[in-house]
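Topology and contacts: notes
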Amino acid sequence: MIIHHPILGPRDAQEFVYLGDESLIDRPDGMSAGIEEFHDYAYNRTNPAGEHRELWYHEQGDRSWLVVTRNTVTHEITKVELARDVARAKGRTK
Amino acid sequence: MSQSHRIDAKVGGGQIDRTKTLGFTFDGVGYQGHPGDTLASALLANGVRLMGRSFKYHRPRGPISSGSEEPNALVELRTGGRQEPNTRATVAELFDGLEAKSQNRWPSLRFDAMGINDKLSPFFAAGFYYKTFMWPKAFWEKLYEPIIRRAAGLGSVTREEDPDEYEKGFLHCDLLVIGAGPAGLIAALTAGRAGARVVLADEDFRMGGRLNAETFAVGGKSGADWAAGVVAELASLPNVRLMVRTTVIGAFDHGIYGAVERVSDHLAVPIAGKPRQVLWRIYSKRAILAAGAIERPIAFENNDRPGIMMAGALRAYANRWGVKAGERVAVFTNNDDGLRTAADLKAKGVDVVAVVDSRQGEEVIDTKGKLGLTQITIRDKAGRTRTVGVDALGVSGGWNPNVNVHSHHRSRPVWNDEIAAFVPGADGPAGLLVAGAAAGGLSTHAALKSGAEAARAAVEALGKQAPYSLPVAEDAPTKVSPLWFVHHGKGRAWIDQQNDVTVKDVKLAKQENFTSVEHLKRYTTLGMATDQGKTGNVIGLAVMAELTGRSIPETGTTIYRPPYTPVAMGTLAGRSRGKEFKPFRLTPSHQWASEQGAFFVEVGMWMRTQWVPKAGETEWRQSVDREVLATRKSVGICDVTTLGKIDIQGTDAGAFLDKVYANTFSTLAVGKCRYGLMLREDGMVFDDGTTARMGQNEYVMTTTTANAVTVFRHLEFCRQCLWPDMDVQLISTTEAWAQFSVAGPNARKLLEKVVDQDISDAAFPYMGAGNITVGGLRARLFRISFSGELAYEIAVPTRYGDALLREMLAKGAEFDPVVYGTEALGVMRIEKGHVAGGELNGQSTALNMGLGKMVSKKKDSIGMVLSQREGMVEENGYRLVGVKPVDPKAKLVAGSHFLEKGAAPVAANDGGWLTSKVYSPHLGCEIALGYLKGGDKKIGTRMRAVNLVGGLDTEVEIISQHMFDPEGERLRG
């Protein structure tokens, strides 16, 4: 696969490490959320046959975490964003 | 007579160089051939038809094809380390001195003892293994499996190391053209002339595809000459790369194709510096599949004898290689293409004694000839039979477009009635066009036209114009009338010759309701092994369709997967073999340790010193015990460079560490360090290490050797994805600093001789950290201990690591320092009760390790919430304990399970397990750490450590994990 890195352009998927669903960005706050909520966060994922937003890490590159929108059936990649931008758009700060 | 079956050069020279002669052997017998020959063509030229034995029935077999689809003529090539099994003689390029052997026969190819299987064939039908070797269960491992394993398989693998090198390569192009027949050649030419960057790959050693095997004209010259002209022009274009002997093995995502180039397979020994093969990864913007078509057989009784081959192959051997496969030849066809074979052979002076055309109502119903064809039986329209003596029979059941690579993304081929074959379906790999016979255009004109059209479309998609003109070529219709198998008698009619699948087997599969094509494949083994059913698949499912009364498209087809043809393991491995399989790093002290004759061990990505023997030490324990005792008595030095080191800086560095560590770091004073415990989000312990605060906004974290990479990745995730606005920066400095642990009562005295600053207990107390200098060189010093001794870790820029070690040993000589390795390190940390690999097993919590109080509830940190889950905070859960045998001479084994005295060794009584074990020279016995249920309440009791595998059942005493200096007086000294 080829991932079009927003900063570095087209890069071979071999340079990346895959983590999983983008929802891993949505970590609850440990001081307010309980075990149930963290359990959902840590274990429950959708597993779509189709468009999937997922986290990839450019380990053999610039160490950017990326959110890659990929079709799990065709492997077509339609969007690649810096995970930091996605996290900020979701309202995450410090 | 040498080359008895070579056609006179005056009648048909073929594309071989008759001015040169090559010598080779087959099963020890010497033969001659010419440059341009394959092993199969050269053997046929010498009148050798019998080249192998079939897989199951050990039937005598010869080649049925002239290409990579060959199911029968599998041979072993070469000897020694270069010996290679299961190579198709039809694609093995002849070279002088080639040694080839037949396979799957004993004692000889002509007399094969396992041929008895053929007589026993009624017992060996499909499903035989499943039904026969069922019970009793105990027989499977001891009896059935060894027998089956001995009987199964074809060639044998050499035990010697392969002396050749294999490479991996990367190519980028606008257009990849797969196959250099008429469609591929004109596609490459059209795109190449338009200025596109083109890669043209062909599995053959001569480009041209079927044009080399046919006699008709293209553009007013012979097809082979036209092809050679195009190849010459392509070679002159700087934007075109021609790759012969290169098989595209698979279509992968986003225009990436895998290809194997056999750089040196046609040479006895690779040219110096050249690899044997290269595995290419080709990045293309567009690709054209022009892989041609593969002729398929017709099943009739005893259709597998040497001498029976595809009509197109018979013709190819005559036209391309100047070989007549027989003196008296017949043709059995259901389409016009078969008639070409008869015409071409006649033109070459071969005696064509019968043309059996099923469209005229005639069929071949049986054959004779034990080790090779001698006779065929023909049944005419009226049902009368006659026999004809022949030594070769060309069979044509029509041509199957070679859709293989187009199916690699699960695109299902679709049925085309006009040519009675599957053609590529929709939803093939993105950017892949199909042209020529592979697309179902079986005439030369159709191939040329679709090749040029595909190239124009590909090039225009890239924004360039690609005009083309076509040479004049034949455009004959196919005129095929499907015939899959001849209904006659009770004998066996082969469908898949490699796996000995016959029409009967398909009938049996149908009878037992394995009617889906995927079940048919698994039940009968149709289409498995080296040829992957290239000749047999379609006819097999057509037979199933006929038996079940369904149409062929209703029956469907199995899907092709990469690789297109078999790939050697060495090619996939490339240079990743031996020590290069997994590169490792050397520590700064490696040179010194090598000079001492040290033993090394792989740890994570490193080679670390395991122990450093002294003269006279013959057994590893002697060295390790000495290193431990000397360290505890005076001072020892250990290279700990391999621990992960991460510099963490920024105004939020402290807050960030509070998030990623279970304990608190924002309150750590500058110039101090602290043990840190890192959890995963699921609450399990992830890693541990010490982290020092070097400045207000600057920390240095250490990780375990094994987790250096994953911790760094995790921290980047936390920084970028969870807390994106924190002002914190990370950089791995693992390789930037050489770091040594200096431990023992004389550690400070030794270091005082090399460092420039005051490091007295008052100036540099326990858990102190700071930037110092060593003879003016910048350095870092941490007063931390893994051994339980007064200890420091000193770091200098990596290139000074070797010098620092030698300096410490020289200047501290009066203290008799030792350098200790990972074994002594392990002994001392276990004596001290520190956790490491065996305890940090990914399934253990801080509570399990006796570190539960470290998890702060006053702040949010990764894993804090889930570490409190039910089941992870059990009162009687696993707790880390120390273990020693009641009898000091008794042995312990890591992995042993705790059992109460008298308890049976069953899972219900399992109390936990020993995680790490060493011999403690200090305690004079073996000691261990272990996780024991309710272990904190069992200190002082006795249990058993049971290892059923090793036959050990040892009475042990449960003690505190802190087995040495529990008060920690030594490290504060």
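From a predicted model like this one, the values you see are computed outputs, not experimental measurements. (Residues numbered from 1 in each chain as written. Chains lettered and ligands numbered in written order. Predicted model: local features only at pLDDT ≥ 70, side-chain atom pairs only at ≥ 80, totals over all residues. Heavy atoms only, no water.)

1. What about the nonpolar core?
Going by this rule: Residues grouped as a nonpolar core are buried Ala, Val, Leu, Ile, Met, Phe, Trp, Tyr and Cys residues, joined through side-chain atoms within 4.5 Å. When accessible area is computed with a 1.4 Å probe and restricted to protein chains, residues below 20% of their type maximum are described as buried, those above 50% as exposed, and intermediate ones as partly exposed. Only DSSP runs of H or I reaching four residues or more are called helices, and only runs of E reaching two or more are called strands; each is numbered from the N terminus. Any two residues whose heavy atoms approach within 4.5 Å are treated as being in contact.
Residues L55(A), I648(B), F656(B), M701(B) and L715(B) are the most contacted members of the largest nonpolar core, which totals 73 residues. The biggest single contributor to this core is helix α18 (residues 708-722) of chain B, with 7 residues. What M701(B) contacts, discounting residues up to four positions off in sequence, is G644(B), K645(B), I646(B), I648(B), L657(B), V660(B), Y661(B), M678(B), T690(B), T691(B), V711(B) and L715(B). Among the nonpolar cores identified, the runner-up in size contains 43 residues, and I64(B), W321(B), A325(B) and L345(B) belong to it.

2. Looking at the interface of chain B and chain A
Selection rule: The term buried area denotes the loss of accessible surface (1.4 Å probe radius) that occurs when two parts are joined, taken as the sum for both partners. Salt bridge criterion: a side-chain nitrogen from Lys or Arg within 4 Å of a carboxyl oxygen from Asp or Glu. N or O atoms within 3.5 Å of each other form a polar contact, as long as, within protein, one can give a hydrogen and the other can take it, and as long as residues adjacent in sequence are counted only when both atoms are side-chain atoms.
Counting residues at the interface gives 34 residues for chain B and 38 residues for chain A. Both faces combined, the contact of chain B with chain A buries some 3,100 Å², and carbon together with sulfur accounts for 55% of it. On the chain B side of the interface with chain A, the three residues burying the most area are H254(B), R713(B) and Q720(B), jointly 19% of the side's total. In this assembly, chain B and chain A are joined by 7 salt bridges. The salt bridge partner of K94(A) is D652(B), with a shortest N-O separation of 3.2 Å. For the interface between chain B and chain A, the tally reads 21 residue pairs in polar contact (both at pLDDT 80 or more). Within the residue set of the side of chain B that touches chain A, elements represented by two or more residues are β15 (277-289) and α18 of chain B. Top element by residues in the side of chain B that touches chain A is α18(B). It accounts for 9 residues.

3. A few points about the domain arrangement of chain B
You'll often see interface size given as the accessible area lost when the parts meet. Spelled out, the test is: Domain delimitation in this document rests on an assignment produced automatically or drawn from a domain database.
Domain boundaries in chain B define domain 1 (22-119), domain 2 (166-293 + 401-461), domain 3 (584-641 + 737-765 + 774-839), domain 4 (643-733 + 843-873) and domain 5 (874-973). Distance between the C-alpha centres of domain 2 of chain B and domain 5 of chain B: 66 Å.

4. Comments concerning the sheet that holds strand β6 (residues 77-82) of chain A
Residues and elements named next belong to chain A. What counts, and what does not: Any two strands with at least two DSSP-identified bridges between them are counted as paired. Lines are fitted to the C-alpha atoms to define the axes, a helix being fitted only along its stretch in contact, and any angle between axes, read from their N-to-C directions, falls within 0 to 180 degrees.
The strand order across the open sheet formed by 4 strands is β3-β4-β5-β6, and the pairing between neighbours is antiparallel. The open sheet has two free edges, formed respectively by β3 (17-21) and β6, since each of these has just one partner strand. With direction set aside, neighbouring strand axes in the sheet form an average angle of 30°.

5. Observations regarding the packing of aromatic side chains
Residue and element names in this part refer to chain B. Note the cut-off: A pair of aromatic rings is counted whenever rings of Phe, Tyr or Trp (Trp by its six-membered ring) have centres within 6.5 Å, and the orientation is called stacked for planes under 30 degrees apart, edge-to-face for over 60 and tilted otherwise.
As enumerated under the stated definition, the model contains 17 aromatic pairs over all chains in all. A ring pair is formed by W415 and F422, whose centres lie 5.0 Å apart and whose planes are at 80°; its orientation type is edge-to-face. Where W415 meets W484, the ring centres are 6.3 Å apart and the plane angle is 55°; that geometry is what we call tilted. Residue W415 is located in strand β25 (residues 414-416), and its partner W484 is located in the loop between α9 (444-461) and β28 (494-496); the two are separated by 69 residues in the primary sequence. You can call W484 buried: its relative accessible area is 7%.

6. Brief notes about empty space enclosed by the protein
Residue and element names in this part refer to chain B. Counted only if it meets this: Within this scheme a cavity is a closed region of a 1 Å grid, computed over the protein atoms alone, that accommodates a 1.4 Å probe without allowing it to escape, whereas a pocket is open but has protein on both sides within 12 Å along at least five of seven lines; lining residues each have an atom within 4 Å of a point. Grid points are joined across faces, edges and corners, and a volume is the space filled by probe spheres set on the points. Amino acids are sorted into nonpolar (Ala, Val, Leu, Ile, Met, Phe, Trp, Tyr, Cys and Pro), charged (Asp, Glu, Lys and Arg) and polar (every other residue, Gly among them).
Considering all chains together, one arrives at 6 cavities of 30 Å³ or more under this definition. Empty space within the largest cavity amounts to approximately 150 Å³. Together, I294, N400, P401, N402, V403, N404, P413, F422, K534, V538, T557 and Y560 line the largest cavity. Taken together, the residues that form the lining of the largest cavity break down as 7 nonpolar, 4 polar and 1 charged. Within this model, the second largest cavity holds a volume of roughly 90 Å³.

7. Description of the sheet that holds strand β22 (residues 385-389) of chain B
Residue and element names in this part refer to chain B. If you trace the 3 strands from one edge of the open sheet to the other, you get β20-β21-β22, paired in antiparallel fashion. Of all strands in the sheet, those with a lone pairing partner are β20 (363-368) and β22, marking the two edges. Strand-to-strand twist across the sheet, computed as the mean angle between neighbouring axes with direction ignored, equals 25°. Looking at chain direction, β20 and strand β21 (residues 375-379) are connected through 5 bridges and run antiparallel. By the bridge assignment, K368 is partnered in β21 with Q375.

8. Considering the pattern of salt bridges
All names here are of chain B. Following the criterion strictly, the structure yields 71 salt bridges over all chains and no others. Its salt-bridge partner being D336, residue R359 comes within 2.8 Å of it at the nearest N-O pair. Of this pair, R359 sits in the loop between β19 (351-357) and β20 while D336 sits in helix α8 (residues 336-347); the two residues are 23 residues apart in sequence, bridging distant segments of the chain. Residue R359 is classed as partly exposed on the basis of its relative accessible area of 27%. A single salt-bridge network, built from bridges that share partners, covers R59, R61, D118, D304, R492 and D500.

9. A short note on the state of the cysteines
All names here are of chain B. As a reminder of what qualifies: For the purposes of this analysis, a disulfide is any pair of cysteine sulfur atoms at a distance within 2.5 Å.
Summed over all chains, the structure comprises 0 disulfides over all chains. Among the cysteines around C673, which has no disulfide bond, C638 carries the closest sulfur, lying 17 Å off. Judged by relative accessible area, which is 6%, C673 ranks as buried.

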